[in-house]
Amino acid sequence: MTAEKTESTYEKVVELAKRRGFFWPSFSIYGGEAGFYDYGPLGVMLKDNIIRIWKEAYLRENALLIDTPVLVPRAVFQASGHVDKFLDIAAECDKCHLRQKLETFTKSAGYEEVFDTVESGLSFVRDNVVKCTNCGTRITRVYDVRQMFFLPDQGSSGDLFLRPETAQGIFINFKILNNLFRGKLPMAVAQTGKGFRNEIAPRQSLIRMREFNMCEVEVFVHPEKKFWAEIEYEDDITICPRSSQPVTLNAREAVNSGIISSNAMGYFITLTQQILLKMGISRDRLRFRQHEKNELAHYSFDSWDAEAELDGNWIEITGIADRNDLRNHEKTSGESMSVSTEEGDIVPSVIEPASGVDRIVLSVLMHSLKTRENGYTVLSLPPDVAPYHAAVFPLMKKNGMDQLARKIFRSLSLNDPCVFYDESGSIGKRYARQDEVGTPYCITIDGASLEDGTVTIRERDSAKQIRIAAEELINHGLIGNPSISLDKFKNQPS
RNA sequence: GCGGGUGUAGUGUAGGGGUUAUCACAUGGGCUUCCCAAGCCUAUGACCCGGGUUCAAAUCCCGGCACCCGCACCA
């Protein structure tokens, strides 16, 4: 009676995540709350590594970092358009209580209207007969579903909202930041932090959460040129332009041929690909897709999503949007957002690469999950993304091997705290436990170590090992140490 | 939000009105073991929550919550 079921990669990762401590549903002793997940010990380390890689990549672009509040007064999201546009106009059938977007009702009745406000929706259903798609009753009840959480009247000037994106914290500080940057353009400002969206139907663990981690950069460029820097990279990118077939080419070609609209857009699409690959996303399971016109957010007029393939579905993990927020804030606040250039005063345009950290964490785990021929699981994470860079084991807990192993562990962890010590169970069990959480190297102290100070170091993916002086590892570290590069393991026996 | 399915140790599961609630793996301790989840001994650990039916509910019914699938949604 048990149906034949192949476990999806998603299910394997969720099971592994709970069992080994990457992430699990929050608040579970009180029944849980949909859309919230806790990061466990290994998950925090993995997530922090992913954020670090992102941050380092943008520091190399001379980006400025900033950290602004999660709670934001109404005026900011009034100006950005979120208060008015970041909501769904919904309707409920009085008889069968079917609730869905008003537009879903009106479209199936043959109308093309789009609704921005409850008032426009109400007057439409007064003037036109719109029937329930389920039971045929006339629709009269229209209401709005806000996608921002908010705390009514908690601020000194009224309502406080939990930010749905970190970006506004950068825009409203534009003048201060640009002064710190000595008035130059182009300029990039980066922020990492939490965002909140009141998802109606949170799903798929880390993919759609109501509280989530984001990494956002606002790149301020000259509005006509939209130029950041020469695109030096020749990397092939899989590109899906709006309403046409996917092509593979590098960003410079794509910009020159007009497939990608600006230098800055092309530059940051390439940079995004490089960052995602470094984090452990698979090249052949990554593509960049341009938004259809009707898909664009209210603030954006061109947008490309980096999408990762997960169990056959393409999921957005980063969005690169062309937006124009400074003008809104200039208009609403009365503060000038213009910058003096040789061609006169201009209000910069914004190119925004924005990443969902949690979705990247899940994608990296799913893309890294491998199964050995013997059925055991290996997480093939990039060494500097893995929670632990190495594990140290005494081959056996006797003859002083454990004392020496602990000593070597101590020395290693002075320079690199991401090292794990384990002396329990058989050696094979310890290797397998580390494989499953992606630890790239296992260092074993054996009988010979006691004689000459060498240890064996086993590489995760090949399960092969070489012998090396412990001092070499202690002095030169684990990540990027050429004496333990992958080719050193190639010709070793299994 | 809608419809359907599922909820039993850390994980995966068996059972299905009265059981000391099955099994495996994992986990702790011990023995053994000089390199890949080995073996032996031993210990800990579970019926999602609330209400109802019943002499008796983990089991049946209702409600809630969570997860999964489909639809809708995804600024």
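Values in this document were obtained by computation on a predicted structure and should not be read as measured data.

Visitor: Tell me about empty space enclosed by the protein, and name the residues and values.
Guide: Counted according to the given criterion, the structure contains one cavity of 30 Å³ or more. As a volume, the largest cavity reaches approximately 50 Å³. Lining the largest cavity we find Trp 54, Tyr 58, Thr 272, Ile 275, Leu 276, Met 279, Thr 318, Pro 353, Ser 355 and Ile 360. When residues of the lining of the largest cavity are traced back to their parent elements, those giving at least two are α2 (41-59), α10 (263-279) and β19 (349-356). Grouping the constituent residues of the lining of the largest cavity by class yields seven nonpolar, three polar and no charged.

Visitor: Tell me about the sheet that holds β19, residues and numbers included.
Guide: Reading across from one edge, β3-β10-β11-β19-β16-β15-β14-β12-β13 is the order of the nine strands in this open sheet, with mixed pairing throughout. The open sheet is flanked by β3 (64-65) and β13 (247-249), the only strands paired with a single partner. Sitting on the sheet, α10 is in contact with β11 (211-221), β12 (237-240), β14 (286-290), β15 (300-310), β16 (313-323) and β19, with an inclination near 145° to β16.

Visitor: Explain the packing of helix α1 (residues 9-20) against helix α12 (residues 357-368) to me, using residue names and the numbers behind them.
Guide: α12 packs onto α1 with a crossing angle of 110° between their chain directions and a minimal axis gap of 10 Å. On the basis of their axis angle, the class for α1 and α12 is roughly perpendicular. Only Leu 362, Leu 365 and Met 366 of α12 make contact with α1, whose side of the interface consists of Thr 9, Tyr 10 and Val 13. Grouping the amino acids of the contact of α1 with α12 by side-chain chemistry returns five nonpolar, one polar and no charged.

Visitor: Let's hear about the pairing of strand β26 (residues 465-469): which residues, and what values?
Guide: Side chains of β26 alternate between two faces, with Ile 466 and Ile 468 buried and Gln 465, Arg 467 and Ala 469 left unburied. The sheet contact formed by strand β25 (residues 454-459) and β26 spans five bridges and is antiparallel. Each residue of the ladder has a partner; that of Thr 454, found in β26, is Ala 469. The loop that links β25 with its antiparallel partner β26 comprises five residues; one of these, Ala 463, has a positive phi angle of about 60°.

Visitor: Break down the domain arrangement of chain A for me, citing the residues and quoting the values.
Guide: Looking at the assigned domains, one finds that chain A contains domain 1 (19-73 + 163-367), domain 2 (87-146) and domain 3 (373-490). Distance between the C-alpha centres of domain 1 and domain 3: 36 Å. Residue-level contacts link 15 residues of domain 1 with twelve residues of domain 3. Roughly 1,100 Å² is buried in total at the junction of domain 1 and domain 3, and carbon and sulfur atoms are behind 63% of that figure. Glu 436 is the partner of Arg 20 in a salt bridge, and the nearest nitrogen-oxygen pair spans 2.9 Å. The tally of links between domain 1 and domain 3 comes to six residue pairs in polar contact (both at pLDDT 80 or more). Mapped onto the side of domain 1 that touches domain 3, the elements with two or more residues apiece are α1, α2, α10 and α12. No other element matches the seven residues that α2 contributes to the side of domain 1 that touches domain 3. Here the side of domain 1 that touches domain 3 is composed, by residue class, of nine nonpolar, two polar and four charged.

Visitor: Before we move on, could you go through the environment of Asp 67 and cite the residues and values that matter?
Guide: Mapped onto the elements, Asp 67 comes out in the loop between β3 and β4 (71-73). Given a relative accessible area of 66%, Asp 67 falls into the exposed group. Put simply, Asp 67 and Thr 166 are 99 residues apart on the chain and 8.9 Å apart in space, counted from C-alpha to C-alpha.

Visitor: Could you give an account of the protein's contact with RNA strand B, naming the residues involved and the relevant values?
Guide: Taken together, 42 residues sit near RNA strand B, with Lys 18, Arg 197, Arg 208, Tyr 431 and Arg 433 positioned nearest. When the atoms of RNA strand B within 4 Å of the protein are sorted by group, sugar and phosphate make up 51%. A distance of 2.7 Å separates a sugar or linking oxygen of RNA strand B from a polar backbone atom of Gly 31. Glu 436 places a polar side-chain atom, nitrogen or oxygen, 3.4 Å from a base nitrogen of RNA strand B. Top element by residues in the surface near RNA strand B is helix α14 (residues 427-436). It accounts for seven residues. The class makeup of the residues in the surface near RNA strand B is 15 nonpolar, eleven polar and 16 charged.

Parameters at a glance
Residues numbered from 1 in each chain as written. Chains lettered and ligands numbered in written order. Predicted model: local features only at pLDDT ≥ 70, side-chain atom pairs only at ≥ 80, totals over all residues. Heavy atoms only, no water. 1 Å grid on protein atoms, 1.4 Å probe; cavity = no way out; pocket = protein on both sides within 12 Å on 5 of 7 lines; lining within 4 Å. Points joined across faces, edges and corners; volume = space filled by probe spheres on them. Helix = DSSP H or I, 4+ residues; strand = E, 2+ residues; numbered from the N terminus. Nonpolar A, V, L, I, M, F, W, Y, C, P; charged D, E, K, R; others polar. Pairing = 2+ DSSP bridges. Contact = heavy atoms within 4.5 Å. Axes fitted to C-alpha atoms, helices over the stretch in contact; angles between N-to-C directions. Parallel < 35°, antiparallel > 145°, perpendicular 65-115°, else oblique. Buried < 20%, exposed > 50% of the residue type's maximum accessible area, 1.4 Å probe, protein only. Domains from an automatic or database assignment. Buried area = accessible area lost by both parts, 1.4 Å probe. Salt bridge = Lys/Arg side-chain N within 4 Å of Asp/Glu carboxyl O. Polar contact = N/O pair within 3.5 Å; in protein donor to acceptor, adjacent residues only side chain to side chain. Near = heavy atom within 4 Å.

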